[in-house]
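Analysis of the macromolecular model
Listed below, chain by chain, are the residues.
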Amino acid sequence: RLFDVDPSDIQVLIHPESIVHSAVEFSDSSVIAQLGCPDMKVPIAYAMSWPRRLPNIGDSLNLFDIGSLHFERPDTETFRCLAFAYEALRAGESYPAALNAANEEAVAAFLQGRIAFLSIEALVESALQAHEPSKLSCVEDVLEIERKTREFVRGKICQL
């Protein structure tokens, strides 16, 4: 949504080494990738210091030590939340906001030990099925969708 990219142009890859953090394919078919050590310190520091880059935040990437990079297709049958994300993007309107709120609420409940890991998927799916889509014209609209969705998920958690 932020970059006006069609959902069919977004491809998720499983990358076990966690070195390639993103890649963009240009109209000439060339690809530029952002690589780095698998550590969240750098992106967090960049987000907090933007537009500057703080020096020596993380370890330097040594591709000789890494040796090889591997990529796999995600299994959206087993890991259905990724399929839900694609569906929400295609559906548009308020679905992506509802998906995000449902996921955040379910993950928080899991981290607090209130639900099992596999319940995250069921809660997100339930929230998306119950969601009544609407157009989002301002931040307040997004916050209202988020509030309603979180309330729905909390109610479902209480029933588990």
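Structure: above.
We now turn to the structure provided with this report. Residue positions are given per chain, counting from 1 as you read along its sequence in written order. Totals for whole chains, interfaces and linings use all residues, but because this is a predicted model, local features are given only for residues with pLDDT of at least 70 and pairs of side-chain atoms are given and counted only at 80 or more. Hydrogens and water are ignored here; the side-chain numbers use all heavy atoms of the structure.

1. Examining the environment of Arg 154
So the rule is basically this: Each helix is a run of H or I in the DSSP string that is no shorter than four residues. Each strand is a run of E no shorter than two, and both are numbered from the N terminus. When a residue's accessible area, from a 1.4 Å probe over protein chains only, is under 20% of the maximum for its type it is buried; when over 50% it is exposed; and in between it is partly exposed.
Within the secondary structure, Arg 154 is located in helix α6 (residues 139-159). Given a relative accessible area of 40%, Arg 154 falls into the partly exposed group. Along the backbone, Arg 154 and Glu 105 are 49 residues apart, and their C-alpha atoms lie at a distance of 7.4 Å.

2. Quick notes on the packing of aromatic side chains
Any pair of aromatic rings gets described here by the distance separating the centres and the angle formed by the planes. Rule in force here: Only the six-membered ring of Trp is used, alongside the rings of Phe and Tyr, when aromatic pairs are assigned; centres must lie within 6.5 Å, and planes under 30 degrees apart are stacked while those over 60 apart are edge-to-face, with the rest tilted. A ring is considered to have a charge above it if a Lys NZ or an Arg CZ atom is located within 6 Å of its centre and within 35 degrees of its normal.
Tallied over the full model, the rule gives one aromatic pair. Judged by centre distance (5.4 Å) and plane angle (70°), the ring pair of Phe 110 and Phe 117 falls under edge-to-face. Overall, the relative accessible area of 31% leaves Phe 110 in the partly exposed class. Among the residues examined, Phe 117 registers a relative accessible area of 54% and is labelled exposed. The aromatic ring of Tyr 46 is capped on one face by Arg 53, whose charged end is 4.2 Å from the ring centroid.

3. Quick word on the state of the cysteines
Filter applied, for reference: By convention in this document, the label disulfide applies to cysteine sulfur atom pairs within 2.5 Å.
Applying the stated criterion to the full structure yields zero disulfides. Cys 81 provides the cysteine sulfur closest to Cys 158, a residue in no disulfide bond, and the two sulfurs are 20 Å apart. Using a relative accessible area of 68% as the deciding quantity, one classes Cys 158 as exposed.

4. Considering unusual backbone geometry
That bond from Trp 50 to Pro 51 is cis: its omega, 10°, falls within 30 degrees of zero. For Ser 18, which is not a glycine, the phi torsion comes out positive at approximately 55°. The topology assignment puts Ser 18 in the segment before β1 (20-25).

5. Some thoughts on the layout of surface pockets
To keep things clear, this is the line we draw: The pocket and cavity definitions rest on a 1 Å grid over protein atoms only: a 1.4 Å probe that fits but cannot leave marks a cavity, an open set with protein on both sides within 12 Å along at least five of seven lines marks a pocket, and residues lining either have an atom within 4 Å of a point. Grid points are joined across faces, edges and corners, and a volume is the space filled by probe spheres set on the points. Gly falls in the polar group here, along with every residue not listed as nonpolar (Ala, Val, Leu, Ile, Met, Phe, Trp, Tyr, Cys, Pro) or charged (Asp, Glu, Lys, Arg).
There is about 1,300 Å³ of room inside the largest pocket. Lining the largest pocket are 26 residues, with Ile 10, Gln 11, Val 12, Ser 22 and Ala 23 positioned closest to its centre. Broken down by class, the residue content of the lining of the largest pocket amounts to 19 nonpolar, four polar and three charged. For the second largest pocket, the calculated volume is near 600 Å³. Lining the second largest pocket are 21 residues; nearest its centre among them are Gln 34, Leu 35, Val 42, Pro 43 and Arg 53. Listed by contribution, the elements that provide at least two residues to the lining of the second largest pocket are β2 (31-35) and α1 (41-49). Looking at the lining of the second largest pocket, the element that brings in the most residues is α1, giving five residues. Taken together, the residues of the lining of the second largest pocket break down into 10 nonpolar, seven polar and four charged.

6. Overview of the pattern of salt bridges
The criterion, for reference: Salt-bridge detection follows one rule: a side-chain nitrogen of Lys or Arg within 4 Å of a carboxyl oxygen of Asp or Glu.
This structure, assessed with the given rule, holds 10 salt bridges. With its nearest N and O atoms 3.4 Å apart, the salt bridge here joins Asp 39 to Lys 41. Of the residues examined, Lys 41 reaches a relative accessible area of 47% and is grouped as partly exposed. Across the salt bridge formed by Arg 150 and Glu 105, the nearest N and O atoms sit 2.9 Å from each other. A residue pair is termed long-range when its members are at least 10 positions apart, and Arg 150 in helix α6 and Glu 105 in helix α4 (residues 95-111) qualify at 45 residues. Members of the salt-bridge network, linked through shared partners, are Glu 104, Glu 105, Glu 146, Arg 150 and Arg 154.

7. Topic: the packing of α4 against helix α5 (residues 119-130)
The condition is simple: The convention used is that axes are lines fitted to C-alpha atoms, helices contributing only their stretch in contact, and that angles between N-to-C directions extend from 0 to 180 degrees. Orientation is classified from the angle alone, with under 35 degrees giving roughly parallel, over 145 giving roughly antiparallel, 65 to 115 giving roughly perpendicular, and any other angle giving oblique. For any helix crossing, the convention is left-handed if the near helix is rotated counterclockwise from the far helix by under a right angle, and right-handed if that rotation is clockwise. In this description, contact between two residues means that some pair of their heavy atoms is separated by no more than 4.5 Å.
Running from N to C, α4 and α5 cross one another at 150°; their axes reach a closest spacing of 9 Å. By the angle between their axes, α4 is roughly antiparallel relative to α5. You can see that α4 and α5 cross each other, and the crossing is right-handed. On α5, the residues that touch Tyr 95, Ala 98, Leu 99, Ala 102, Asn 103, Ala 106, Val 107 and Phe 110 of α4 are Ile 120, Leu 123, Val 124, Ala 127 and Leu 128. The residue inventory of the contact of α4 with α5, partitioned by class, reads 12 nonpolar, one polar and no charged.

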